[in-house]
Amino acid sequence: MKKMNIKSFLPLFVSLVFAIVTASSDSGLYPSYYDRVCPQALPTIKRVVEDALAQERRMGASLLRLHFHDCFVNGCDASILLDQTTTIDSEKNAAPNANSARGFEVIDKIKYEVDKVCGGPVVSCADILTVAARDSVVALGGPTWNVKLGRRDSTTASRTAADANIPSPFMDLPALIKNFKDQGLDEEDLVVLSGAHTLGFAQCRTFRDRIYNDNNVDPAFASHLQTICPQVGSDSSLAPLDPTPYSFDVKYFTNLVSKKGLLRSDQALFNGGETDEHVSEYNGNQNEFFEDFAESMIKMGDIKPLTGNRGQIRNNCRKLN
């Protein structure tokens, strides 16, 4: 009788073990993915990123932004890298990216060097974007984290989805919260990932309306910006997103508390709403910001990856095989 019971429970036990194993693999990504097939892949990416930043410090912010703009459009699948063709409606032409997204040549260089050391196209463009974002943050004084790897590259792109899903610099807090929630990210992720604006610059056209029309802006700050960004013209003139645009620090949050957020979507995070407390926390605690930023970057990197037989490993990040 007991033997029969054990046998009858065996299929259930096997199913349970399978379910546990499947669940433990999570997104199907793991940090050691290339350790055996190409141990030099990650050191090579790091070297090329550091070389690029040595030539132009601003490139760190640009590479980090490419990863964000990739993940928010149908997942972290390198769709942002595909050029326009008769069948590809390139995300490079979407409003948030056109004449704005940059760093594509650096990704090309990384791909060339990585394929050389790996003996062929082993590392996906999606993983290159993810690792380059981490290495950029580290090179500019920010935290490090173990990047989960094993993504494959998309065989399609969507300019329409890019226009719809990449957060706009004109969004208010409810719109930002919904935008991030749609990607599986919560309010803390919203604030901490917006902290990436501790790096880089924004174009006049993205903050003009704020410095001439908003009330929640420091008057002296607005006056200074008006010398860079007139009411008409100079659309592409640049202003730093925080006082130290080449250093990964908490000055971005200090700016928000002082009503010196450059973009409307920045200041929305500290404007009497539910995210104020997170901004205040990070403003006073760089270690906490660094720790939470690393966690949220891993979480963002898990958005809808292509794994297994889905997608492809592109030979050229700009076009399909």
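In case you missed it, the structure is sitting above this.
In this text, all values refer to a predicted model and were calculated from it rather than measured experimentally. (Residues numbered from 1 in each chain as written. Predicted model: local features only at pLDDT ≥ 70, side-chain atom pairs only at ≥ 80, totals over all residues. Heavy atoms only, no water.)

Asker: Explain the nonpolar core here, please?
Answerer: Side chains that are nonpolar tend, in soluble globular proteins, to be buried together. Ile107, Ile110 and Phe293 are the most contacted members of the largest nonpolar core, which totals 69 residues. In terms of residue count, helix H5 (residues 125–139) provides more of this core than any other element does, eight residues in total. The residues contacting isoleucine 107, other than those within four sequence positions of it, are Leu63, Leu66, Leu81, Ile128, Leu129, Ala132 and Cys317. Ala202, Phe207, Cys229 and Ala239 belong to the second largest nonpolar core, which has 13 residues in total. (Core = buried A, V, L, I, M, F, W, Y, C linked by side-chain atoms within 4.5 Å. Buried < 20%, exposed > 50% of the residue type's maximum accessible area, 1.4 Å probe, protein only. Helix = DSSP H or I, 4+ residues; strand = E, 2+ residues; numbered from the N terminus. Contact = heavy atoms within 4.5 Å.)

Asker: Would you mind showing me how to read the state of the cysteines here?
Answerer: Cysteine pairs can be linked by a disulfide, which is a covalent bond between their two sulfur atoms. Summed over all chains, the structure comprises four disulfides. A sulfur-sulfur separation of 2.1 Å characterises the disulfide bridge that pairs cysteine 125 with cysteine 317. Disulfide cysteine 125-cysteine 317: the torsion about the S-S bond is -95°, which places it as left-handed. Taken together, the residues cysteine 125 in helix H5 and cysteine 317 in the segment after helix H14 (286–301) connect sequence positions 192 residues apart. For the pair shown, cysteine 125 and cysteine 317 are each scored as buried. The disulfide partner of cysteine 204 is cysteine 229, and the gap between their sulfur atoms is 1.9 Å. Looking along the S-S bond of the cysteine 204-cysteine 229 disulfide, the torsion reads about 65°, which is the right-handed sense. (Disulfide = S-S within 2.5 Å.)

Asker: So what exactly am I meant to see when it comes to the packing of helix H2 (residues 41–55) against helix H3 (residues 59–71) here?
Answerer: Working note: a packed helix pair is described by the angle between its axes plus the distance between those axes. For the pair H2 and H3, the least separation of the axes is 8 Å and the interaxial angle reads 130°. The orientation of H2 relative to H3 falls into the category oblique. Residues Val49, Ala52 and Leu53 of H2 pack against Met59, Gly60 and Leu63 of H3. When grouped by side-chain class, the residues that make up the contact of H2 with H3 number five nonpolar, one polar and no charged. (Axes fitted to C-alpha atoms, helices over the stretch in contact; angles between N-to-C directions. Parallel < 35°, antiparallel > 145°, perpendicular 65-115°, else oblique. Nonpolar A, V, L, I, M, F, W, Y, C, P; charged D, E, K, R; others polar.)

Asker: Help me out: how do you make sense of the pattern of salt bridges in this one?
Answerer: Pairs can form between side chains of opposite charge once their charged atoms are near each other. The full count for this structure, using the stated rule, is 20 salt bridges. Of the charged contacts in the structure, one is a salt bridge between aspartate 83 and arginine 318, with a shortest N-O distance of 3.6 Å. Linking aspartate 83 in the loop between H3 and helix H4 (104–118) with arginine 318 in the segment after H14, this pair joins segments that are 235 residues apart in sequence. Look at aspartate 83 and you get partly exposed, because its relative accessible area is 26%. On the basis of relative accessibility, which here comes to 23%, the residue arginine 318 falls in the partly exposed class. A salt bridge links aspartate 214 to arginine 210, with the nearest nitrogen and oxygen atoms 3.6 Å apart. Here aspartate 214 and arginine 210 have matching classes, each one buried. (Salt bridge = Lys/Arg side-chain N within 4 Å of Asp/Glu carboxyl O.)

Asker: Hey, could you run me through the side chain of aspartate 242 in this one?
Answerer: For aspartate 242, the location among the structural elements is in the loop between strand E2 (238–240) and helix H11 (251–257). Buried charge without a salt bridge: aspartate 242, with lysine 251 as the nearest opposite-charge side chain at an N-O distance of 6.9 Å. Among the polar contacts made by the side chain of aspartate 242, one reaches the side chain of threonine 198 at a distance of 3.2 Å. If we skip the residues at most four places from it in the chain, aspartate 242 touches His197, Thr198, Asp249, Lys251, Tyr252 and Asn255. (Lys, Arg positive; Asp, Glu negative; His and termini not counted. Polar contact = N/O pair within 3.5 Å; in protein donor to acceptor, adjacent residues only side chain to side chain.)

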